[in-house]
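Close look at the chain arrangement
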Amino acid sequence: MLILSLESSAKSASVAIVKDKNLLSINTQISTLTHSRTLLQMASNLMQLTEIKLQDVDLLSVSYGPGSFTGIRIGISAVKGLSWASNINCFGVSTLEALAWNACIYENAILCPCMDARRSQVYNALFSIKNSMPVRLTQDRAISLEDLEKEIIKFKEPIIFLGDGAELCYNFFQKKSDCILAPENIRWQSAYGVAKASEGHSGYSADHLLPVYLRLSQAERERQARNNN
C-alpha cells in the first residue's frame, strides 16, 4: 500500500511517502512561508524525487486536527483537491494520534502529545504503547494544564511530552521528576506519523473528510459573545 500523507496542523509543514509500512521519503520544514505556499510544492517535489506519480498512490492521508485552524484547513483542502482530481480515497487522522506514532520506542511510558491551545489550555490525549503501537487512554480534548496535571500524577510510568506544546507542559510539570521532553527529531508533528496512523484503512471520498477543531475559533467565540449580549 502506497500512502502520501500531509501534515500542516502547526508551524511545521510535512509530507511523507510510505510504502508497505516502510518510509520511502519525508520532507519536513519550518519556514516563514504559509503552508498554502509550501505544502503542495513539497508533495510535488517528493514525488519527483521518488519517481512516484499521483496515480500510483493508494491512499491520501492528512491530520484533521486539533491544531491551527488555518493550518488544518490548508492540509484538508490540499488532500481534498488531490483526491477529487485523481479519484483516490483519503483518510483523516488525529494530530495527537499521529504524534504518538512518532514515539513508539517508549514501550514503558505514557505518551502525552500536547499542542498549545492558548488560554492556559492544551489540546491533548494520552497513550500507552503496546506491541509498538499507540493505545488510546483518553479521547482528544482541550484541557487546562491544572486538570492535565491531576491526571498524569496518577501514573507511575514516565510521561513523554510531544508536540508544539511539549515544552510548555514539561516546564509546568517539572515537579514530577519522571517527565521527559521528547527529543526534537520525534517531538514535532510529522507526516510520517500521519501515514502510520492511516495504515490499514481503505479511506473514503473527499466529501467525508472534515476538520476536527475541538474548540471554536477566536472569531466564532467573539461572535457568540456578541450574540449573547
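Residues numbered from 1 in each chain as written. Predicted model: local features only at pLDDT ≥ 70, side-chain atom pairs only at ≥ 80, totals over all residues. Heavy atoms only, no water.

We now examine the pattern of salt bridges. Under the counting rule described, the total for this entry stands at five salt bridges. Here Arg141 and Glu151 are joined by a salt bridge, their closest N and O atoms 2.8 Å apart. With a gap of ten residues between them, Arg141 in strand S10 (residues 141-144) and Glu151 in helix H4 (residues 145-152) connect regions that are remote in the sequence. By relative accessible area, which is 17% here, Arg141 ends up buried. Residue classification places Glu151 among the partly exposed residues on the basis of a relative accessible area of 25%. (Salt bridge = Lys/Arg side-chain N within 4 Å of Asp/Glu carboxyl O. Helix = DSSP H or I, 4+ residues; strand = E, 2+ residues; numbered from the N terminus. Buried < 20%, exposed > 50% of the residue type's maximum accessible area, 1.4 Å probe, protein only.)

So, on to helix H2 (residues 69-86). With 18 residues, H2 should cover 26 Å at 1.5 Å per step; its first-to-last C-alpha distance of 26 Å lies within 8% of that length. Just downstream of H2 lies Asn87, where phi reads positive at about 60°. (Expected span 1.5 Å × (residues − 1).)

This part takes up the confidence of the model for the protein chain. In this model, the protein chain carries a mean pLDDT of 91, and residues with pLDDT of at least 70 account for 93%. The low-confidence segment residues 217-225, where pLDDT is below 50, has five contacts with residues more than four positions distant or belonging to other chains. (pLDDT = per-residue confidence, 0-100. Contact = heavy atoms within 4.5 Å.)

What the rule picks out here adds up to four aromatic pairs. Between Phe69 and Tyr213, the ring centres sit 4.6 Å apart and the planes meet at 25°, which makes this aromatic pair stacked. Of this pair, Phe69 sits in helix H2 while Tyr213 sits in the loop between helix H7 (191-198) and helix H8 (218-228), and the two are 144 residues apart along the sequence. Exposure remark for Phe69: the relative accessible area of 17% places this residue in the buried category. A residue is classified by how much of its surface remains accessible, and Tyr213, at 21% relative accessible area, is partly exposed. A ring pair is formed by Phe172 and Phe173, whose centres lie 5.1 Å apart and whose planes are at 90°; its orientation type is edge-to-face. Among the aromatic side chains, those forming a connected cluster through ring pairs are Phe161, Phe172 and Phe173. (Phe/Tyr/Trp six-rings, centres within 6.5 Å; stacked < 30°, edge-to-face > 60°.)

You can see Ser94 is positioned in strand S5 (residues 90-94). Residue Ser94 is classed as buried on the basis of its relative accessible area of 1%. Within the local environment of Ser94, its side chain forms a polar contact with the backbone nitrogen of Leu96, the two atoms lying 3.1 Å apart. Polar contacts involving the side chain of Ser94 include one to the side chain of Arg136, which spans 3.5 Å. Sequence-distant contacts of Ser94, defined by excluding residues within four places in its chain, comprise Tyr64, Gly65, Arg136 and Asp140. (Polar contact = N/O pair within 3.5 Å; in protein donor to acceptor, adjacent residues only side chain to side chain.)

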